[in-house]
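# Analysis of the macromolecular model
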Amino acid sequence: MSDLLLVRHGETQWSRTGRHTGWTDVPLTGHGRDEARALAPLLRAHRIGAAFVSPLERARETAELIGVREARTDADLREWDYGGYEGVTTAEIQQERPDWFLFTDGVEPGPPEHPGESPEQVGRRADRMLARADAALGGTGGSVLLVGHGHFLRVLTARRLGLPAAAGALFQLATGTMSRLSTEHGRPVIAGWNVSPGP
């Protein structure tokens, strides 16, 4: 099994301030563009057999800035649907629900077009994305690149490792970073996590 390379998009105004950003199409900041450009040399060290990107602008621009222009847009790579918590920070939510935790409690219902997702629903999307990533490899032997969002990529990592979606809570993921999921003795492992080029 070849490697999965995970890139979280660069910084946005909302990610910088901790606002839950699901469907809202917030663009990268100048710093976020710099973060994305700085990842390009890290990606060049890998042979990419296939690339997928979330349909949201912040992920698509990140893919372009790291030099990936042939990525397939895939709706299953979009960020967690935060429903009624879209645009709200964890601190604000915990003023009313002190023990609230996204990975176990999910979100409040939102509008009909964005009702929100449970951790298990996000996990099912991650499973579909993993199946497509594996199928895309075929016999190329190259790695598969996924350019997406923090919470979704954390859930995807948990599912790749055979863990429940809620275990995504264990994998902190910063903006503008690359992670690598590989195998050891035929079993999935984390081979690199939250890697950035540094200052």
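Higher on the page you've got the structure.
Report follows, based on the coordinates.

Analysis parameters
Residues numbered from 1 in each chain as written. Predicted model: local features only at pLDDT ≥ 70, side-chain atom pairs only at ≥ 80, totals over all residues. Heavy atoms only, no water. Phe/Tyr/Trp six-rings, centres within 6.5 Å; stacked < 30°, edge-to-face > 60°. Buried < 20%, exposed > 50% of the residue type's maximum accessible area, 1.4 Å probe, protein only. Axes fitted to C-alpha atoms, helices over the stretch in contact; angles between N-to-C directions. Helix = DSSP H or I, 4+ residues; strand = E, 2+ residues; numbered from the N terminus. Parallel < 35°, antiparallel > 145°, perpendicular 65-115°, else oblique. Left-handed = near helix turned anticlockwise from the far one by under 90°. Contact = heavy atoms within 4.5 Å. Pairing = 2+ DSSP bridges. Core = buried A, V, L, I, M, F, W, Y, C linked by side-chain atoms within 4.5 Å.

## Remarks on the packing of aromatic side chains
In total, this model carries five aromatic pairs according to the counting rule given. Between Trp80 and Tyr82, the ring centres sit 6.5 Å apart and the planes meet at 10°, which makes this aromatic pair stacked. Both residues of the pair, Trp80 and Tyr82, belong to the buried class. With a centroid separation of 5.3 Å and 80° between ring planes, the pair formed by Tyr85 and Trp100 is classed as edge-to-face.

## Section: the packing of helix H6 (residues 119-137) against helix H7 (residues 150-160)
Two elements in contact, H6 and H7, have axes whose closest approach is 9 Å; the angle formed by their N-to-C orientations is 70°. Relative to H7, the element H6 is oriented roughly perpendicular. Between H6 and H7 lies a crossing whose hand is right-handed. Listed contacts from H7 to Val122, Gly123, Arg125, Ala126, Asp127, Met129, Leu130 and Asp134 of H6 are Phe152, Val155, Leu156, Arg159 and Arg160.

## Observations concerning the environment of Ile190
Checked against the element boundaries, Ile190 lands in strand E6 (residues 187-195). Distance from Ile190 to Leu77, taken between C-alpha atoms, is 19 Å for residues 113 residues apart in sequence. Look past the residues within four positions of Ile190 in its chain and what remains in contact with it is Thr157, Leu161, Phe171, Arg180 and Leu181.

## Description of helix H3 (residues 57-65)
For the α-helix, the turn length of 3.6 residues means that residues three or four positions removed from each other point alike. Residues of H3 that are buried include every one of Arg58, Ala59, Glu61, Thr62 and Ala63, and no others. Tucked inside the fold, the buried residues of H3 contact strand E1 (4-8), helix H2 (30-44), strand E2 (48-53) and strand E4 (143-148). Directly beyond the C-terminal end of H3, a positive phi value near 95° is found at Gly67.

## Topic: the environment of Pro197
In this structure, Pro197 sits in the segment after E6. Between the C-alpha atoms of Pro197 and Pro41, which are 156 residues apart in sequence, the distance is 8.5 Å. Among residues more than four places away in sequence, those in contact with Pro197 are Ala38, Leu39 and Leu42.

## Concerning the pairing of strand E5 (residues 177-184)
As paired elements, E1 and E5 share five bridges and run antiparallel to each other. Note on E5: the bridge partner recorded for Arg8 is Thr177. As paired elements, E5 and E6 share six bridges and run antiparallel to each other. Looking at E6, one finds that Leu181 is bridged to Ile190. Remark: two residues form the turn of the hairpin made by E5 and E6, two consecutive strands paired antiparallel; His185 in that turn has positive phi of roughly 55°.

## Remarks on the nonpolar core
Ranked by size, the top nonpolar core spans 29 residues in total, and within it Leu4, Phe52, Trp80, Val144, Leu146, Phe152 and Leu156 carry the most contacts. Where this core is concerned, the elements lending two or more residues are E1, E2, helix H5 (102-105), H6, E4 and H7. At seven residues, H6 tops the list of elements feeding residues into this core. Other than its neighbours up to four places away in sequence, Leu156 contacts Leu6, Ala126, Met129, Leu130, Leu146 and Leu181. The next biggest cluster of nonpolar side chains, apart from the first, holds 14 residues, and it includes Leu5, Val7, Leu39 and Val53.

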